[in-house]
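# Notes for the structure review
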Amino acid sequence: MKILKISKYMMICVAVVALVSCKKDFLTQQPNDRITTDNFYQTEADAIAAVNSIYSPLTSLYNYMWQVGDIMSDDTDTGGGGGGDGATELELDNFTLNSFNADIGNYWGQCYQGIQRANIAIEKIPNIPAVSDAIRKRSLGEAYFLRGFYYYSLVRLFGDVPLYTNSITLDDARTISRSPKAEVYAQVIKDLKQAETLLPNTYTGDDKGRATAGAAKGILAGVYLTLGNKADAAAKSLEVINDASKYGYDLWANYGDNFKLENENGKESVFEVQYRSGGAQFTFYGAGNVLNTFMGPRAQNVVQSSGYGFSIPTLSLFNAYERTNPADSSTIIDKRRLPSMWIPGDKFVSGALNYTQPASLIGSPNGFNTKKWFVPVTNVTGDNGGWTSAKNIQVMRYSEILLIYAEAAGPVLGKQYIDRVRARAGLPPLATGLNDADYLTAIYHERRIEFAFEMHRWFDLLRNPDPNYFINVMKAAGKSNIAEKHRYMPIPQGERDINPNLTQNPGY
């Protein structure tokens, strides 16, 4: 299912009323020809439409997420056409950003748009008169799940952020101060726990792709791991593993099957952002995924809109793929390389398209490109141009559940689960008897390769038990500007101009 495909009922006015509420006085009559938060929530269709609108900001959020999760890490560099091309991305890549960085501002805005919509839905849906108990329960579960997820996205990137669980006015938004990150994480955990009790285990038909109880548990396990709470991370991820059949989870036998259009919302999907090909919109805020165009090999016309060549895989990442001869890249045995990244000599044939990856490209001197979100130019139903690929972005896959448990449970209990992920990649089991430090290194290596270009790497670097880990890794990658202040991004200046009660993170 594409949630956006079932969201034709999701009207722009729903989005607008989710952002503001109006002050009324006795001289102002309520317009009878407009939909407001007071007159909209009347039917079951209204409840579903309201919840669909909470999902909507995810599409733009994840059209930006690679700029944080990948480019800020040691996995990719900006690429593009050189010079000033991708100026805001270069600021992130080189750690020269300040509070005016537009990408960071957009990230903040999309999260709070989703939060406001979720707050209104949570307030209004319990009182809708004409809605079945099943849809009321499910809709509330989705709203709690999404609110928790948006706050999780914010607190990981910014630290202390404004926290509110009620709908607010524009006047309110100009005064709310930042809450300590511990309080934000507590709310994230509370919301996800609530969601797992309300959401169904699976969906059928056009509803496939909505948040499930398994997704709430899986994201919650990731939250616990981020906080260093290994006991709860292990317990929650094991709940999912033990009930995998109930949620319909399993690994695809072929790693690359995860990223085929026909397998979206498939058996390895825990939660993914839903996209559809919307038709020449050229916007990060449309229904389509922009990654195919932005990451396609530059000017090679193997993807729609030519290909821009952004988010270039680093030599460090390429060298991390296991091989039989460390000095010879042709001996790579890890099956995850081919579906994940283009390297010189890779071929793709489809109809009239007969493509071979060049030895180098503008912005990519090693001839590397991100391939995981690739839809060929010949597949116009998957991408009909203008930054509108239909390919979904996986937020969490079942393999991550296995690796969360493997990490949290430790080598004695967890090794079999990392070995299962490695076996799918054509790799041997980890050596037995690893000490805790070497085992954690192996886990980090496995996550880096398994989730390459899935926007996890930066957040993994930050959550390492060694507080200097992200600094040391990025300095080793040649990013000399990296500093402790970059653990959190600057609070967007545009928000601080509106709200003087928003303090800035140290160093910005």
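Quick note: structure is the one above.
Below or above, wherever it landed, is the structure these notes cover. (Residues numbered from 1 in each chain as written. Predicted model: local features only at pLDDT ≥ 70, side-chain atom pairs only at ≥ 80, totals over all residues. Heavy atoms only, no water.)

## Section: the overall build of the chain
In terms of helices and strands, the chain carries 20 helices and eight strands. In terms of overall dimensions, the chain is globule-like: its C-alpha atoms have a radius of gyration of 23 Å, near the 23 Å expected for 508 residues. When each of the 508 residues of the chain is scored for burial, the buried share is 58%. Restricting to contacts in the chain with at least 6 residues of sequence separation, those with at least 24 account for 70%. Carbon together with sulfur atoms contributes 53% to the accessible area of the chain, which is approximately 19,600 Å² in total. For the chain, the distance from the average position of its 50 positive side-chain charges to the average position of its 52 negative side-chain charges is 2 Å. (Helix = DSSP H or I, 4+ residues; strand = E, 2+ residues; numbered from the N terminus. Rg over C-alpha atoms; globule rule 2.2 N^0.38 Å. Buried < 20%, exposed > 50% of the residue type's maximum accessible area, 1.4 Å probe, protein only. Contact = heavy atoms within 4.5 Å. Areas by Shrake-Rupley, 256 points an atom, 1.4 Å probe, with all protein chains shown as cover. Lys, Arg positive; Asp, Glu negative; His and termini not counted. Charge placed at Lys NZ, Arg CZ, Asp CG, Glu CD.)

## Description of unusual backbone geometry
You will see that Asn 265, though not glycine, has its phi angle at about 55°, which is positive. Residue position: Asn 265 is located in the loop between helix H11 (244-247) and strand E2 (269-273). Look at Asn 265 and you get buried, because its relative accessible area is 9%. Of note, Asn 301 is a non-glycine position whose phi angle comes to about 55°, a positive value. Mapping Asn 301 onto the fold places it in the loop between helix H12 (291-295) and strand E3 (310-313). On the accessibility criterion, Asn 301 (47% relative accessible area) is partly exposed.

## Quick word on the pattern of salt bridges
Overall, the coordinates contain 38 salt bridges when judged by the stated rule. In this structure, Arg 336 and Glu 446 form a salt bridge, with 2.7 Å as the shortest nitrogen-oxygen distance. Remark: Glu 446 occurs in helix H17 (residues 436-450) and Arg 336 occurs in the loop between helix H13 (315-319) and helix H14 (337-340); sequence separation between them is 110 residues. Residues Arg 336 and Glu 446 agree in their burial class; the two are buried. Among the salt bridges present, the one from Arg 463 reaches Asp 460, with a minimum N-O distance of 3.0 Å. Placement of the pair is Arg 463 and Asp 460 together in helix H18 (residues 457-463), with a separation of three residues, close to one helical turn. Through salt bridges that share partners, Glu 268, Glu 322, Asp 334, Arg 336, Lys 372, Arg 397, Arg 422, Arg 424, Glu 446, Glu 450 and Glu 454 make up one connected network. (Salt bridge = Lys/Arg side-chain N within 4 Å of Asp/Glu carboxyl O.)

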